[in-house]
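# Structure at a glance
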Amino acid sequence: MDLKPFMKNTQENKQIGRLVIVAYRLPFKIVREGEGVNLFQNSGGLVSAVLSLVGDGAQNPIVSGDKIQWIGYADNSPEELEGLSLENDSFKAHPVFIPDDVNENYYEGFCNDLIWPLCHYFPTHARFDDAYFQAYQQANELFFEKLDEIIQPGDIVWVQDYQLMLLPQMIRKKHPDVKVGFFFHIPFPSYELFRMLPVQWRKAIVEGIIGADLVGFHTNDYVEYFLKAVRMVLGHGNKLHYINLSNRIVKIDSFPISIDFNKFNDAYTDPEVVKERELARDMLKEKIIFSVDRLDYSKGILHRLYGFERFLEENPNWHGRVAFVMVVVPSRDTIDRYQQMKSEIDQTVGRINADYGNINWQPIIYQYRSMTFAELVGMYSTSDVALITPVRDGMNLVCKEYVASRQDKHGVLILSEMAGAAAELGEALIINPLDKQNIADSIKLALDMPIEEQEKRMKVMRSRIREYDVFAWTNDFFTQITMIEQEHEKLKQVFLTDQGIGEIRDAYRASKNRILFFDYDGTLAPIVADPAKAIVSREVKQLISTFAESDTVVIISGRDRHFLSELFLDLPVHIIAEHGALIKAKGSSEWVLNESYEENWKESIQPIMDLYAKRCPGAVVEEKETSLAWHYRTAEDREYATRRAQELVWQLKNYIQPELNLQIIDGNKVVEVKKTAFNKGTAAKDLVETGSYDFIMAMGDDKTDEDMFIELPDTAYTIKVGDMLSAARAHLRSQEEVFSFLSKIKD
Ligand code: GDG
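Here the structure is a predicted model, which means the values were calculated and not measured. Within any chain, residue numbers begin from 1 and follow the written order of that chain's sequence. A pLDDT threshold of at least 70 governs which residues receive local features in this predicted model, and a stricter bar of 80 or more applies before side-chain atom pairs are shown or counted, although totals over entire chains, interfaces and linings include all residues. Excluding hydrogens and water, the side-chain figures rest on all heavy atoms present in the structure.

## Quick word on the overall build of the protein chain
Only DSSP runs of H or I covering at least 4 residues are called helices, and only runs of E covering at least 2 are called strands; the numbering of each starts at the N terminus. For the protein chain, the helix and strand inventory stands at 25 helices and 28 strands. Each principal axis of the C-alpha atoms in the protein chain carries an extent, and together these give about 100 × 65 × 50 Å. Burial statistics for the protein chain: of 747 residues in total, 56% are counted as buried. For the accessible areas, the method is Shrake-Rupley and the probe is 1.4 Å, while residue cover comes only from the protein chains on display. Carbon and sulfur atoms make up 48% of the accessible area of the protein chain, which amounts to about 31,600 Å² in all. Three exposure classes are used, based on accessible area relative to the maximum for each residue type with a 1.4 Å probe and protein chains only: buried under 20%, partly exposed in between, and exposed over 50%.

## Some words on helix 25 (residues 737-746)
Looking at helix 25, one finds that the buried residues are V738, F741, L742 and I745. Angular distribution of buried residues about the axis of helix 25 spans 95°; they occupy a single face of the element. Should any heavy atoms of two residues lie within 4.5 Å, those residues are considered in contact. Buried positions along helix 25 lie against helix 18 (498-510), strand 17 (514-519), helix 19 (538-550), strand 26 (695-700), strand 27 (717-721) and strand 28 (730-732). It is the directions from the helix axis to the C-beta atoms that the arc portrays.

## Here we look at the packing of aromatic side chains
To describe a pair of aromatic rings, you give the distance between the ring centres and the angle between the ring planes. Centres within 6.5 Å are what make two rings of Phe, Tyr or Trp a pair, Trp counting through its six-membered ring; a difference in plane orientation under 30 degrees is then read as stacked, over 60 as edge-to-face, and the rest as tilted. For the coordinates displayed, the defined rule picks out 40 aromatic pairs. An angle of 20° between the planes, with centres 4.6 Å apart, marks the rings of W158 and F477 as stacked. Of this pair, W158 sits in strand 6 (residues 156-160) while F477 sits in helix 17 (residues 470-491), and the two are 319 residues apart along the sequence. When the ring of F188 is compared with that of F217, the centres are 5.8 Å apart and the planes differ by 75°; the resulting orientation is edge-to-face.

## Topic: the domain arrangement of the protein chain
Domains are outlined according to an automatic or database domain assignment. On domain assignment, one finds that the protein chain holds domain 1 (23-254), domain 2 (261-466), domain 3 (494-596 + 678-746) and domain 4 (602-675). Each of domain 2 and domain 4 was reduced to a C-alpha centroid, and the two centroids are 49 Å apart.

## Comments concerning the pattern of salt bridges
Here, a salt bridge means any Lys or Arg side-chain nitrogen found within 4 Å of an Asp or Glu carboxyl oxygen. Applying the stated criterion to the full structure yields 39 salt bridges. Residue E149 is joined to K146 by a salt bridge in which the shortest nitrogen-to-oxygen separation is 3.5 Å. With E149 and K146 both in helix 4 (residues 130-150), this residue pair falls 3 residues apart, about one helical turn. When the shortest N-O distance is used, the salt bridge between E427 and R464 registers 2.8 Å.

## Quick look at the confidence of the model for the protein chain
Residue-level confidence of the predictor is what pLDDT reports, using numbers from 0 through 100. For the protein chain, the average pLDDT comes to 91, and 96% of its residues sit at 70 or higher. Here residues 6-15 scores under 50 on pLDDT; set against residues more than four positions off or in separate chains, the count is 21 contacts.

## Description of the sheet that holds strand 15 (residues 412-416)
Between any two strands, pairing holds if DSSP finds at least two bridges. Spatial ordering of the open sheet is given by 13-12-11-14-15-16, a layout of 6 strands whose pairing is parallel. The sheet terminates laterally at strand 13 (364-368) and strand 16 (429-431), the two strands that pair on one side only. Between one strand axis and the next, the sheet turns through 20° on average, direction left out of account. To define axes, lines are fitted to C-alpha atoms, for helices over the stretch in contact only, and angles between the resulting N-to-C directions are given on a 0 to 180 degree scale.

## A short note on the nonpolar core
In terms of nonpolar packing, the biggest core is built from 105 residues, with Y106, I115, F143 and I345 touching the most fellow members. Top contributing element to this core by residue count: helix 3 (residues 100-119), with 10 residues. Here this core gathers at least three residues from each of two domains, domain 1 (23-254) and domain 2 (261-466). With residues near it in sequence (within four places) discarded, I345 still touches L295, I301, L302, L305, M326 and Y366. For the purposes of this section, nonpolar cores are sets of buried Ala, Val, Leu, Ile, Met, Phe, Trp, Tyr and Cys residues that join through side-chain atoms within 4.5 Å. Of all hydrophobic cores here, the second largest spans 68 residues; its members include F255, M371, L425 and M458.

## Thoughts on the pairing of strand 27
A large share of strand 27 lies buried, amounting to 5 of its 5 residues. The alternating pattern of strand 27 places Y717, I719 and V721 on one face and T718 and K720 on the opposite face, and all of these are buried. Two elements, strand 26 and strand 27, share 4 bridges in a ladder whose sense is parallel. When the sheet's bridge partners are listed, M699 is paired in strand 27 with I719. With helix 24 (residues 703-711) bridging strand 26 and the parallel strand 27, this β-α-β connection has right-handed handedness. The pairing of strand 27 with strand 28 spans 3 bridges and is parallel. Across the sheet, the residue bridging to K720 is H731, located in strand 28. Crossover handedness is defined here as right-handed if the route from the first strand over the helix to the second strand goes clockwise, with the strands pointing away from the viewer.

## A word on the site of the ligand
Proximity is defined per residue: any heavy atom of the residue falling within 4 Å of a molecule or strand makes that residue near it. In the vicinity of the ligand, 19 residues are found, and the nearest of them are H185, M371, D393, M395 and E401. At 3.4 Å from an oxygen atom of the ligand is found a side-chain nitrogen or oxygen belonging to K299. Between an oxygen atom of the ligand and a main-chain N or O atom of G394, the distance comes to 3.0 Å. Looking at the shell around the ligand element by element, the count peaks at 3 residues for helix 13 (residues 373-380). Within the shell around the ligand, the residues separate by chemical class into 10 nonpolar, 5 polar and 4 charged. When residues of the shell around the ligand are assigned to domains, at least three fall in each of domain 1 (23-254) and domain 2 (261-466). Polar contacts, as used here, are pairs of N or O atoms within 3.5 Å; protein pairs need one atom able to donate a hydrogen and one able to accept it. Residues neighboring in sequence count only if both atoms are side-chain atoms. Think of it as three bins: nonpolar holds Ala, Val, Leu, Ile, Met, Phe, Trp, Tyr, Cys and Pro, charged holds Asp, Glu, Lys and Arg, and polar takes everything else, Gly as well.

## A look at the sheet that holds strand 23 (residues 627-631)
One open sheet accounts for 4 strands, arranged 22-23-25-24; its pairing is antiparallel. At either end of the open sheet lies a strand with only one pairing partner, and these are strand 22 (620-623) and strand 24 (662-667). Neighbour-to-neighbour, the strand axes of the sheet open up by a mean angle of 15°, direction not taken into account. Examined bridge by bridge, strand 22 and strand 23 share 4 bridges and lie antiparallel to one another. Within strand 23, the position partnered with V621 by the bridge is W630.

## Considerations on helix 11 (residues 301-314)
Multiply 1.5 Å by the residue count of a helix minus one, and that product is the helix's expected span. With 14 residues, helix 11 should reach 20 Å at 1.5 Å per residue; the first-to-last C-alpha distance of 20 Å fits that figure. Restricting attention to buried positions, one finds in helix 11 the residues I301, L302, R304, L305, G307, F308, E309, F311 and L312. Packing partners of the buried residues in helix 11 comprise strand 11 (287-294), strand 12 (322-329), helix 12 (336-356), strand 13, strand 14 (385-388) and helix 15 (436-448).

## As for the environment of R277
Tracing the chain through its elements places R277 in helix 10 (residues 271-283). As for R277 and A267, which are separated by 10 residues in sequence, their C-alpha atoms are 11 Å apart. The residues contacting R277, other than those within four sequence positions of it, are Y268, G378, S381 and T382.

## A few points about unusual backbone geometry
Glycine aside, negative phi is the norm for most residues, and most peptide bonds take the trans geometry. In this structure, D161 takes a positive phi of about 75° despite not being glycine. Position of D161 among the secondary structure elements: in the loop between strand 6 and helix 5 (167-174). One non-glycine residue, R332, adopts positive backbone phi at about 50°. Residue position: R332 is located in the loop between strand 12 and helix 12.

## Describing the packing of helix 8 (residues 220-234) against helix 22 (residues 638-655)
Taken N-terminus to C-terminus, the directions of helix 8 and helix 22 make an angle of 155°; their axes are 10 Å apart at the nearest point. Between helix 8 and helix 22, the angle falls in the class roughly antiparallel. Crossing of helix 8 against helix 22: the hand is right-handed. In contact with E224, K228, R231 and M232 of helix 8, helix 22 contributes Q646, E647, V649, W650 and K653. Per-class residue counts for the contact of helix 8 with helix 22 are 3 nonpolar, 1 polar and 5 charged. Oblique is the label for every angle not falling under 35 degrees (roughly parallel), over 145 degrees (roughly antiparallel), or within 65 to 115 degrees (roughly perpendicular). Rotating anticlockwise by less than a right angle from the far helix to the near helix defines a left-handed crossing, while the corresponding clockwise rotation defines a right-handed one.

## Here's the deal with the packing of helix 21 (residues 602-614) against helix 22
Direction vectors running N to C along helix 21 and helix 22 enclose 160°, while the axes themselves pass 11 Å from each other. Comparing their axes, helix 22 and helix 21 come out roughly antiparallel. Classified by chirality, the crossing of helix 22 by helix 21 is right-handed. Two secondary-structure elements touch here, helix 21 through S604, I605, I608, M609 and Y612 and helix 22 through R644, E647, L648, Q651, L652 and Y655. For the contact of helix 21 with helix 22, the residue count by class is 7 nonpolar, 2 polar and 2 charged.

Below is the structure:
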């Protein structure tokens, strides 16, 4: 049988294979001790999150019970680890060794000196160096080689973050059937920043990432920005969250990472935490403001200090009554830029303390060190205000941890609008981290906020984080990966062989009341440069005419009614023009306009299309009765026109308000805008419902024919012309095969 069976989404999550994580860092630090080795497991979010997927205690085991395979960079030498088993109860590590000079250009260079600043909107800090990119490619290959050694059929590979953007594509090339997920932990920047990357690099990056089946970001904004990068760099459009490549689909979606809520919530009563909390309360002033972050320019530490300074300046009544505990965790401080920033922070803290403090009171208590877990939760659970003000942050987990630690529901979160977390925590006091007045006003508001108001806000935020904790996050990502498999199954191409054609012919012969739908361009007629010259051949037309003698035949097209009338006037067929907007029944000479059509939109869209046509030599705007089309099949410079078309789609998407009920069709060398109320699918379905047909067949090549394939009943023989992924049950390779196929059916 070479027809797709009638698919239904009935597959349950099932055990599929091992989970292989690839991340820059291993899940534990490896320390050699004599003949043996000590593995110090990280307590980081990702490590505990993935643990929830496997083993007996797993909440939703969707990968096999095996240990998690983890590929990551080892800063040990190969000799040091020779012959050692690097596994504990949960993980088996596969170390990747990267020569120091390569790692320097790869990790410190490409990753942290270029991608990090660019993605955090610091383009002036970005360094573009050819050696960086070379090392980046080399290092990604080293990770791939390690993966290639251990990969098995059925494994799910989950690649992490901006250090490994080329890896998904490398996996796809060599192991096309392996399921690959990719998660990006930092902000994906707007296209204006992304395009600063040299052309070859940005192409390699986008291609690399969409090698995955599922690509995750923290927020919808990052998803949008990434989709735009794919569109602009590679020319692939998207339908909702899907990018349709010729032989597979990629899903791009947001998965806001979270924390282990219970771990922070339960720590409230941990004796060590209680001790830390009491210590802080005894030592500090009436009110405590707290912040903790790694030393990094993206964290907005200096601006935070300026904001606090403004608060002190304007609120003398708070002098002596508040302490701002600012912990900065050492990071990258051998690098000049970080050293410089640190000394600026040191000086600013010194200045503010000198200006406002006295013998009994130091406004800022500044620590440059890391904290133990108990100290951290002790501070979270005693601070009246958490002041989290990154100028850019992919998500920011500190703010979620603060909220989860407040079992008492007291405390106020001040949160930067530039953190991914702001999209989820609207009950925080949201501020612009560069605006010191805004910070100062919010500090005052927070310190004065009545307890009932604090509780109200905390309660909502806590229940949200409790619901979508890091385990829900991981589970969500994996459920989506397994669902992609079902999507693929639905869209997979099945090319018709003689046997499949025989089956359709048998069904055709065995039936009495038949309806056949034929798309025009690309199905009955070949696609040619000038649309006016796309004419159906004599043989094909003859064949259609023979079908029309015994069956209900419908020509269904996006073309206007004049063009179609002229071609098919002499045949006893139904004609549907303009994607279902206009219908002429067999034998009638009258065209009927779809009753849900409203003419209230063209004058606002046409000027945009005209402008794009003027700027793109050879492109033309066609005004049809119920739609507007921007054709670029005839454009002088195809590549340029393709880019313009992508921009046009983007602009229209942003411009068109939902009330207009308009749809943008990114078709084959045409961008078309029409009403959403009808399409080829609704039109075909309406016709099918008017008769009791025992044989339904539909053929088409374009995206708009997909509506027909989806809307028609499961028993219909739906046939896609070409190899693009489709909901149709079978494919013909090209338009040239249409004649021979139809002849065999009618034989
Ligand atoms: C990247 C993205 C995204 C920090 N200092 C101490 C300590 N920490 C812990 C915190 C928190 C984590 O480190 C920091 O996480 P963030 O999310 O705030 O920031 P990044 O490290 O930059 O992480 C970020 C994240 O990836 C996840 O996708 O949210 O946007 O930049 O868990 O508690 N923990 C202890 N002592 C410290 O001194 N015990």
